[in-house]
Amino acid sequence: MLHEYGMNKKSLLWQLPFLALLVIGTIYVIRQQHDMPYQNDKGFIFGTVYNITYQHDKDLKGEIEKVLNQVDASLSPFNKNSIITKVNNNESVKLNDMFIDVFSLAKTISTETHGAFDITVAPLVNAWGFGFKHDITPTAEVIDSLRQLIGFDKVKLVKGKVVKTDPRITLDGSAIAKGYGCDVVARLLRSYDIKNYMIEIGGEVVTCGMSPKRLPWKIGVTKPTEDTLNTNQELQTVLNVTDKAMATSGNYRNFYYKNGKRYAHTIDPKTGYPIQHNILSATVLAPSCAMADAYATSFMVLGLKESQKILEAHPELMAYFIYADEKDGSNAVWYSPSMKGKIIE
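Notes on the structure follow. (Residues numbered from 1 in each chain as written. Predicted model: local features only at pLDDT ≥ 70, side-chain atom pairs only at ≥ 80, totals over all residues. Heavy atoms only, no water.)

A word on the pattern of salt bridges
Once the charged atoms of two side chains with opposite charge are near each other, the side chains can pair. Evaluated as defined, the whole model comprises 5 salt bridges. One salt bridge in this structure joins Asp-144 and Arg-147, with 3.9 Å as the shortest N-O distance. Linking Asp-144 with Arg-147, this pair stays in helix H6 (residues 140–147), spanning 3 residues, or about one helical turn. Looking at Arg-147, the relative accessible area reads 34%, which means it is partly exposed. (Salt bridge = Lys/Arg side-chain N within 4 Å of Asp/Glu carboxyl O. Helix = DSSP H or I, 4+ residues; strand = E, 2+ residues; numbered from the N terminus. Buried < 20%, exposed > 50% of the residue type's maximum accessible area, 1.4 Å probe, protein only.)

Right, here's the structure in full:
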């Protein structure tokens, strides 16, 4: 017994230097993390502004803009030389991984939402005056005609090419590209082993780790008001979105009046008309920002009850809805039960 005790004591003495080194190393890493500065890069992409904060000893703005421009060159219908523009113009073009990733995800979400999300809806969006072309308010005949060109089942990937049932079909990734851009930047930052960051592009957000205040990232959800100039920043709530992706879709800032009638910017692909549901704002938390972006748009099309059914089938999603109460028209809130722990105020 004495011999065994002596051996254990000797073994423990040998381990002490290693334990000391481990403690010192841990303190060094923590101190280094505290001392390392946070970078803040701002710019313009996809027709909107971006704001990216990350903890690193070097400014990576050049590399960030490089990958964002790659997304733009793949998915922007406003870029005359982009892959999606060439697909829309029926030109021969080699599809890259970014285009294929987004096309495939869009296909999946279109199926899951029974067609509420549809990147072939562009002709209707343009006809109503919300796209990259501005026409007069469409007639019922025009809408019926355009609906023949709408439907994700009318396009598919075959041997690396987009095949359409009608050459007039066009694609628009605007309701998913900003979220995908956030994901691409997050991937870049992770490749540098960056643990703390917040990426925001036009209101779509991806976060990881801690903010410069060494606290979880907090993102506000704006109270929906008719504010086309985006001057009202009154918050409805604040969410803890650390290690999550978040996207918000709403009709309260993007609409127009004509002949006394209010037209929302979200078009229902099935009817061809702007949606008339009571949801004013849909905020979605998801594993990826592209997914959050697409589902937020889908929920605006589906309305509250149908959106709740989708959420029940997808526990990986969380949603926060602001809607107009049917009884008195006042704003009301519904959110996923799993969202409760994310609501700060």
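Notes on helix H8 (residues 289–302)
Between the first and last C-alpha of H8 there are 20 Å, a value that for 14 residues agrees with the 20 Å anticipated at 1.5 Å per step. Burial analysis of H8 places 14 of its 14 residues in the buried class, the great majority of the element. Of the residues flanking the end of H8, it is Gly-303, one or two places downstream, whose phi is positive at about 85 degrees. (Expected span 1.5 Å × (residues − 1).)

Some points on the packing of helix H2 (residues 61–75) against helix H7 (residues 174–191)
Between H2 and H7, the least distance of the axes is 10 Å, while the angle of their chain directions is 145 degrees. For the pair H2 and H7, the sense of crossing is right-handed. Seen from H2, the contacting residues are Glu-63, Ile-64, Val-67, Leu-68, Val-71 and Leu-75; seen from H7, they are Ala-177, Tyr-180, Gly-181, Val-184, Val-185, Leu-188 and Leu-189. A class-by-class count of the residues in the contact of H2 with H7 yields 11 nonpolar, 1 polar and 1 charged. (Axes fitted to C-alpha atoms, helices over the stretch in contact; angles between N-to-C directions. Left-handed = near helix turned anticlockwise from the far one by under 90°. Contact = heavy atoms within 4.5 Å. Nonpolar A, V, L, I, M, F, W, Y, C, P; charged D, E, K, R; others polar.)

Considerations on the packing of aromatic side chains
Applying the stated criterion across every chain yields a total of 7 aromatic pairs. Relative to Phe-299, the ring of Tyr-295 lies with its centre 5.8 Å away and its plane at 40 degrees, an arrangement referred to as tilted. With a gap of 4 residues between them, Tyr-295 and Phe-299 both fall in helix H8, about one helical turn apart. With a relative accessible area of 2%, Tyr-295 lands in the buried category. Residue classification places Phe-299 among the buried residues on the basis of a relative accessible area of 0%. Through successive ring pairs, a cluster of aromatic residues spans Tyr-295, Phe-299, Phe-321 and Trp-334. (Phe/Tyr/Trp six-rings, centres within 6.5 Å; stacked < 30°, edge-to-face > 60°.)

Section: the packing of helix H4 (residues 97–112) against H8
Contact pair H4 / H8: the axes reach a minimum separation of 11 Å and the direction vectors enclose 35 degrees. Like other packed secondary-structure pairs, H4 and H8 cross with a definite hand, here right-handed. Of the residues in H8, those in contact with Leu-105, Ile-109 and Glu-112 of H4 are Ala-290, Met-291, Ala-294, Tyr-295 and Ser-298. Residue classes in the contact of H4 with H8 are distributed as 6 nonpolar, 1 polar and 1 charged.

As for the sheet that holds strand S2 (residues 48–55)
One open sheet holds the 8 strands; their spatial order is S1-S2-S5-S6-S9-S12-S13-S14, and the pairing between them is antiparallel. Two strands in the sheet have a free side with no partner beyond their single neighbour: strand S1 (38–45) and strand S14 (331–335). Adjacent strand axes in the sheet meet at a mean angle of 10 degrees when their direction is disregarded. Sheet strands touched by H8: strand S6 (204–208), strand S9 (245–250), strand S12 (279–286) and strand S13 (318–324). Its angle to S12, the strand with the most contacts, is close to 155 degrees. (Pairing = 2+ DSSP bridges.)

Section: unusual backbone geometry
Phi is positive for Phe-46, close to 55 degrees, though the residue is something other than glycine. Note that Phe-46 resides in the loop between S1 and S2. The phi dihedral of Lys-159 falls on the positive side, at around 50 degrees, and the residue is not glycine. With respect to the helices and strands, Lys-159 occurs in the loop between strand S3 (155–158) and strand S4 (161–164). By relative accessible area, Lys-159 is classed as exposed at 84%.

With respect to empty space enclosed by the protein
In the structure shown here, the tally under the stated rule is 1 cavity of 30 Å³ or more. Approximately 50 Å³ is the volume found for the largest cavity. Leu-75, Ile-84, Phe-99, Val-102, Phe-103, Ile-119, Gly-173 and Ile-176 together form the lining of the largest cavity. Looking at the lining of the largest cavity residue by residue, the class counts come to 7 nonpolar, 1 polar and no charged. (1 Å grid on protein atoms, 1.4 Å probe; cavity = no way out; pocket = protein on both sides within 12 Å on 5 of 7 lines; lining within 4 Å. Points joined across faces, edges and corners; volume = space filled by probe spheres on them.)

Observations concerning the environment of Asp-57
Tracing the sequence through the fold places Asp-57 in the loop between S2 and H2. Placed 22 residues apart in sequence, Asp-57 and Asp-35 show a C-alpha to C-alpha distance of 9.6 Å. Excluding residues within four positions of it along the chain, Asp-57 makes contact with Met-36, Pro-37 and Gln-39.

Focus: the pairing of S4
By the alternation rule, side chains of S4 split into Val-162 and Lys-164, which are all buried, and Lys-161 and Val-163, of which none is buried. Alignment of S3 against S4, held across 4 bridges, turns out to be antiparallel. The residue of S4 that forms the bridge with Val-155 is Lys-164. Linking S3 to S4, which pair antiparallel, is a turn of 2 residues; within it Lys-159 sits at a positive phi near 50 degrees.

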